[in-house]
Amino acid sequence: MEPGWMTLTIAIIALVVDITVRILALIFVPKNRRPQTALAWLLAIWFLPYVGIILFLILGRARLPRARRRKQREINEYILETTEGFDRVKLDPPWPAWLAPIVELNRTLGAMPLVGGNSAQMWNDNTESLAQMTAAIRAATKTVHCEFYILLLDEATADFFDALEEAHDRGVTVRVLLDHLGNAQYPGYRRTVRRLNAMGIEWRRMLPFRPSRAQFQRPDLRNHRKLLVIDGQIAFTGSQNVVETGYQRRKNHKRGLHWKDYMARFEGPVVAGIDALFVTDWYSETNELLEREAAPARKTGDGDFDCQVVPSGPGFDGENNLRLFNSLVYAAQKKVILTSPYFVPDDSMLYAITTAAQSGLEVELFVSEIGDQFLVFHAQRSYYEALLRAGVKIWLYAGPTILHSKHLTIDDQISVIGSSNMDMRSFSLDLEISVMVRGEEFLSQLREIEAENRAMSRELTLDEWLKRPVWHRTLDNLARLTAAVQ
């Protein structure tokens, strides 16, 4: 074949492949995806076909491997069987009429029942909450189940690690889970691995991404949960990672950045639900099912709070946390207060929040004045105008602090705390824990935290926002496009 014909043949084949890829993309990419997500992927594939299709094959499926989803279903079935009939809690004071369907929604999606008789305490200071968790580990007599998205050894966390080792040395069973890529990006990761190995405790990386060891999955699916369970009797959860407040980053220290979190300590039947998430994740990583050592399921306790654990993530078919947030916002009658360090809602959540504000409800959103993640921060800012025009009060927490807390309060009835941000990553890509709480005293504690945050924030007005430079607007809107590619 002459060189000219060979070149022409190769060109024709390349053209046919290119057209075929684009047509197949039109058929398969939109399936079971939000329209904006599908459109973003199609644009990437059409304008950068080879790069786009490779990225889509790696990142375009927000689901865990089949074996992990099977294990999640097994755990859900076990929870449903062992907690049958647990949904009976005291109706004094009377429930709001809208609460029962939301409880049933959570039970249907995440398998966990609403359980009564719980008690709780919260800390709005990283140092204090870390000290409380460390003290609880030192008091452990049987088991310590420790699971954090980021768990790193440094000067601030050394005592926490010492407590884990001391517990192991006195015969307590200590198990630790930490997210692989969540930790591997930090300077202290290797030091942490050496320390964990030296302790002799059982520990695993969650969702490990190590192709050389045949551990391969979509790399941006992460386990973002933060929880600690002691003896099956006490559980901590909230927004805090186990790391110094500057996250071991020289650039953060140079800017004076530090993260502000909260943690809650629970006692009562809800502890079994929180521990069930550890059991699920341990089973996923080790194939060891801790049925005998899991916290026992109990119908009630001595406290005053009703609690329901709501697990979410790519191991579930639905976006459990998003459905919970939207249902609560639509159900609100008077007040909605949202706090999230990363606020990049999908259309359904944006409509729920703006509808509540336009309906005359008091709606407030707490976010940080400064950002630590460039694209997320600017994507978040692109929603401010729509929120402000709808009547949402936006409070900007003063830098150099990053307000990392994640919680939601509805009227004077319901609180939700946990690890979940209000962004599309937390809704679709990350394994999260949320706890819905009904209890006046617990909500009062969150109201105090909200008041403290308000005192450290300034209100953003629509007039101020509309005067920002044109290049800021352009950057915000461009960053917003990246939020849809999931």
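Up top is the structure these notes are about.
Presented here is a report on the structure given in the accompanying data block. Here the structure is a predicted model, which is why all the values come from computation and not from measurement.

**Notes on the overall build of the protein chain**
Right, so step 1: Looking only at helices and strands, one finds 19 helices and 20 strands in the protein chain.
Right, so step 2: Looking at the protein chain residue by residue over its 486 residues, the buried ones come to 57%.
Right, so step 3: In the protein chain, the share of contacts with a sequence separation of at least 24, taken over all contacts with a separation of at least 6, comes to 81%.

**Examining the packing of helix α5 (residues 99–110) against helix α12 (residues 320–331)**
Right, so step 1: Where α5 contacts α12, the two axes come as close as 10 Å, and the packing angle between them is 175°. The angle between α5 and α12 falls in the class roughly antiparallel. From α5, Ile-102, Leu-105, Asn-106, Leu-109 and Gly-110 reach across to α12, where they touch Asn-320, Arg-323, Leu-324, Ser-327, Leu-328 and Ala-331.
Right, so step 2: Counted by class, the contact of α5 with α12 contains 6 nonpolar, 4 polar and 1 charged residues.

**Overview of the pairing of strand β1 (residues 115–123)**
Right, so step 1: Counted residue by residue, β1 has 7 buried out of 9 residues, so it is predominantly covered.
Right, so step 2: Bridge analysis of β1 against strand β10 (residues 305–312) gives 2 bridges, and the strand direction is antiparallel. Bridge pairing in β10 links Asn-118 to Phe-305.
Right, so step 3: In this sheet, strand β9 (residues 263–267) lies alongside β1 in antiparallel orientation, the contact comprising 5 bridges. Counted as the bridge partner of Gln-121 is Arg-265 from β9.

**Concerning the pattern of salt bridges**
Right, so step 1: Per the counting criterion, the structure on display carries 19 salt bridges.
Right, so step 2: Two residues, Arg-447 and Glu-450, come together in a salt bridge whose shortest N-O distance is 3.0 Å. In this pair, Arg-447 and Glu-450 both sit in helix α17 (residues 440–455), 3 residues apart, roughly one turn of the helix. The burial state of Arg-447 is the same as that of Glu-450; both residues are buried.
Right, so step 3: Within this structure, Arg-138, Asp-159 and Glu-166 form a network of salt bridges that share partners.

**Regarding the packing of aromatic side chains**
Right, so step 1: Using the criterion set out here, one finds 11 aromatic pairs in the structure.
Right, so step 2: Judged by centre distance (6.3 Å) and plane angle (70°), the ring pair of Phe-160 and Phe-161 falls under edge-to-face.
Right, so step 3: The exposure class of Phe-160 is buried, given its relative accessible area of 0%.
Right, so step 4: Judged by its relative accessible area of 0%, Phe-161 falls in the buried class.
Right, so step 5: Arranged with centres 5.9 Å apart and planes meeting at 25°, the rings of Phe-266 and Phe-442 form a pair that is stacked. With a gap of 176 residues between them, Phe-266 in strand β9 and Phe-442 in helix α17 connect regions that are remote in the sequence.

The rules behind each value
All residue numbers refer to positions counted from 1 along the written sequence of the respective chain. In view of the model being predicted, local features appear only for residues whose pLDDT reaches at least 70, and side-chain atom pairs are presented and counted only at 80 or more, with totals across whole chains, interfaces and linings using the full set of residues. Side-chain descriptors were evaluated using all non-hydrogen atoms of the structure, hydrogens and water having been removed beforehand. A run of H or I in DSSP becomes a helix once it reaches four residues, and a run of E becomes a strand once it reaches two; helices and strands are each numbered from the N terminus. Residue exposure (1.4 Å probe, protein chains only): buried if accessible area is under 20% of the type maximum, exposed if over 50%, otherwise partly exposed. Throughout, a contact is declared for two residues whenever any of their heavy atoms are within 4.5 Å. Inter-axis angles, ranging from 0 to 180 degrees, are taken between N-to-C directions of lines fitted to C-alpha atoms, where helices are fitted over the stretch in contact. Throughout, the term roughly parallel applies to angles under 35 degrees, roughly antiparallel to angles over 145, roughly perpendicular to angles from 65 to 115, and oblique to all others. By the convention adopted, Pro, Cys, Tyr, Trp, Phe, Met, Ile, Leu, Val and Ala count as nonpolar, Lys, Arg, Asp and Glu as charged, and the other residues, Gly among them, as polar. We call two strands paired when DSSP finds no fewer than two bridges between them. We define a salt bridge as a contact between a side-chain nitrogen of Lys or Arg and a carboxyl oxygen of Asp or Glu at a distance within 4 Å. Note on aromatic contacts: the rings of Phe and Tyr and the six-membered ring of Trp form a pair at centre separations within 6.5 Å, being stacked when their planes are under 30 degrees apart, edge-to-face when over 60 apart, and tilted otherwise.

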